[in-house]
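Analysis of the macromolecular model
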Amino acid sequence: VPIMFTRAISVAATLAATVSAGFNAGSNSNVAIYWGQGDAQITLPEVCSDASVDIVNLAFVNEFPTAIGEYPGNNFANACEPDKYTLNGKTTKLSSNCPLIGPGIQKCHENGKKVFLSLGGGLPTNYSLPSQELAEYFADFLWGAFGPLTAEWEEAGKPRPFGDVSVDGFDLDLEAWIEGAPFNEYQYINYDHFVNRLRSNYASSGGEYYISGAPQCTVPDSRMAYAIERSHFDFLFVQFYNTLECNTRRGYEGLGKDTTDFTFDAWVKWLNENSANQNTKIYLGMPASSTAALSDPTAYLTPTEAEKLINAYRTAYPTKFGGVMLWEVMRNIRNPICGKPYSTYIRSILD
Ligand SMILES: *[C@@H]1O[C@H](CO)[C@@H](O)[C@H](O)[C@H]1NC(C)=O
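Residues numbered from 1 in each chain as written. Predicted model: local features only at pLDDT ≥ 70, side-chain atom pairs only at ≥ 80, totals over all residues. Heavy atoms only, no water.

Spatial strand order, β1-β2-β5-β6-β7-β8-β9-β10: eight strands in a closed barrel with parallel pairing. This sheet shows a mean twist of 25° between the axes of neighbouring strands, independent of strand direction. Both strand β7 (residues 210-213) and strand β8 (residues 235-239) contribute to a ladder of two bridges, which runs parallel. By the bridge assignment for β8, Ser212 is matched with Phe235. Here helix α12 (residues 342-350) sits on the sheet and contacts β1 (30-35), β9 (281-287) and β10 (321-327); the angle it forms with β10, its principal contact strand, is near 175°. (Pairing = 2+ DSSP bridges. Helix = DSSP H or I, 4+ residues; strand = E, 2+ residues; numbered from the N terminus. Axes fitted to C-alpha atoms, helices over the stretch in contact; angles between N-to-C directions. Contact = heavy atoms within 4.5 Å.)

Turning our eyes to something else, we now look at the site of the ligand. Near the ligand the following residues occur: Glu63, Thr66, Lys93, Pro124 and Asn126. One of the side-chain N or O atoms of Lys93 is found 2.8 Å from an oxygen atom in the ligand. Contacts to the ligand include Asn126, whose side-chain N or O atom sits 2.3 Å from an oxygen atom. The residue makeup of the shell around the ligand, split by class, is one nonpolar, two polar and two charged. (Near = heavy atom within 4 Å. Polar contact = N/O pair within 3.5 Å; in protein donor to acceptor, adjacent residues only side chain to side chain. Nonpolar A, V, L, I, M, F, W, Y, C, P; charged D, E, K, R; others polar.)

As a further point, take the environment of Val56. One can find Val56 in strand β2 (residues 55-61). Expressed as a C-alpha distance, the spacing of Val56 and Gln278, which sit 222 residues apart in the sequence, is 24 Å.

Looking now at the side chain of Lys113. Here Lys113 shows up in the loop between α3 (101-110) and β5 (114-121). Buried and without a salt bridge, Lys113 has Asp54 as its closest oppositely charged side chain, separated by 6.0 Å. Filtering out sequence-adjacent residues up to four positions away, Lys113 remains in contact with Val47, Cys48, Asp50, Ala51, Val53, Asp54, Cys108 and Asp168. (Buried < 20%, exposed > 50% of the residue type's maximum accessible area, 1.4 Å probe, protein only. Lys, Arg positive; Asp, Glu negative; His and termini not counted. Salt bridge = Lys/Arg side-chain N within 4 Å of Asp/Glu carboxyl O.)

It is worth spelling out the state of the cysteines at this point. All told, the structure shown has three disulfides when counted by the stated rule. Across a sulfur-sulfur distance of 2.1 Å, Cys80 and Cys98 are joined as a disulfide pair. Across the S-S bond linking Cys80 and Cys98, the dihedral sits near 95°, which makes this disulfide right-handed. With Cys80 in the loop between β2 and β3 (84-87) and Cys98 in the loop between β4 (90-95) and α3, the pair connects residues that are 18 residues apart, well separated along the chain. Each member of the pair, Cys80 together with Cys98, is buried. Note that Cys217 is cross-linked by a disulfide to Cys246, the S-S spacing being 2.1 Å. Between Cys217 and Cys246, the disulfide has an S-S torsion of 80° and is therefore right-handed. Remark: Cys246 occurs in the loop between β8 and α8 (248-254) and Cys217 occurs in the loop between β7 and α7 (225-230); sequence separation between them is 29 residues. With respect to burial, Cys217 and Cys246 carry one shared label: buried. With its disulfide-bonded cysteines labelled consecutively along the sequence, the protein is connected as 1-4, 2-3, 5-6. (Disulfide = S-S within 2.5 Å.)

The subject of this paragraph is the pairing of β2. By the criterion of burial, β2 is predominantly enclosed, with seven of the seven residues buried. As paired elements, β1 and β2 share four bridges and run parallel to each other. Note that in β2 the partner of Tyr34 across the bridge is Asn57. Strand direction decides the pairing type here: β2 and β5, joined by six bridges, are parallel. Among the inter-strand pairings, Val61 is bridged to a residue of β5, identified as Leu119.

A few words now on unusual backbone geometry. That bond from Ala59 to Phe60 is cis: its omega, 5°, falls within 30 degrees of zero. Mapped onto the elements of the fold, Phe60 is located in strand β2. Leu123 connects to Pro124 through a cis peptide bond whose omega is -15°. Turning to its location among the elements, Pro124 is positioned in the loop between β5 and α4 (132-146). The backbone of Ala40 shows a phi angle near 50°, a positive value even though the residue is not glycine. Assessed through its relative accessible area of 52%, Ala40 is described here as exposed. The backbone phi angle of Cys338 is positive, close to 50°, even though this residue is not glycine. Mapped onto the secondary structure, Cys338 falls in the loop between α11 (329-333) and α12.

Looking at α12, one finds that the buried residues are Tyr342, Ser343, Ile346, Arg347, Ile349 and Leu350. Along the axis of α12, the buried residues cluster in a sector spanning 165°; they form a single face. Buried positions along α12 lie against β1, β9, α10 (303-316), β10 and α11. (Arc of directions from axis to C-beta.)

Glancing now at the UniProt feature "domain: GH18" (unreviewed entry) in the protein. UniProt tags residues 29-351 as "domain: GH18" (unreviewed entry). Measuring from the first to the last C-alpha atom of residues 29-351 gives 7 Å, for a span that is 31% helix and 19% strand. (UniProt positions renumbered as here; feature names shortened; annotations may be inferred.)

Below, the discussion takes up the nonpolar core. With 87 residues, the main nonpolar core has Leu58, Ile101, Leu117, Phe194 and Ile346 as its most contacted residues. Among the elements that take part in this core, α4 stands out by supplying 10 residues, more than any other. The residues contacting Ile346, other than those within four sequence positions of it, are Val31, Met286, Ala306, Ile310, Val324 and Leu326. With 18 residues, the next largest nonpolar core counts Ala59, Tyr241, Ala292 and Met325 among its residues. (Core = buried A, V, L, I, M, F, W, Y, C linked by side-chain atoms within 4.5 Å.)

Next up, the structure:
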């Protein structure tokens, strides 16, 4: 039986004293942050009260259906109880009891923020969408389970893990790594069909919904290029960390020089030549502390360093630049500078 938060939510909505300025997808000063994979995480309503943040990415739906009819699996660390949905008498990997995620999404909406459900991630990395039919089924399932609630879905008794609130879009963080994949394209094909199907669901609902992606800084991204060339992404939260050859540190050290290993320029050029959406916004993805990108601690920039890098690239690409993406909420909170989380400084740099 789906959990329903209807009553609690309508009370919360009534009591909301202020409504913040609305989200602006075309802005070049948004802050996006991932939540869901930290240890001993604060709750989503707390994240959604943070004035420095515009987009919250819920991480992750980390296992994809392998056959039509299956449910995906998720991992949001301590935000969910162990309870799972069952399907045909079997326990699935889809959480049925994540009590504060629904109210958190509601809180984000009251505060003018967008919430995306992030798919993929780095654990496990064995996900794929080997057929167009499976890709389209998965898109429809996610839309039914996490998009606007429909009477049809509810009457069918299908899962609504976050209750009757809707996310504002889906984020693809494709980091699949499959030993002995059956064919070369296996790890990146059909995500274009997946995105196109979500887009047609968006169009039929009439609301404002988005697609984002979180590629690595290497250009082109081996997992995401195919989909970016063939389907419409609104935002790319490029991970300028974990790949030393093109990270934020290379960017900082390259400022004012004739050449740089940092790949923001290369991303702009590649998107101009290849992206299905010529207006995709590129976000500068950065670790929120020196321990946030464990394999690449040098990617962490102090606020002073970050300010120089952000200003340089936002000035160079005022319309392509969308803002900053931070990985992740708990690393951010545990990195206070003069008592304030790192994101506070990123917000004021962008403002
Ligand atoms: C992926 O790996 C997880 C964890 O090892 C496993 O439970 C799951 O069945 C695997 N999924 C696929 C599609 O192989």
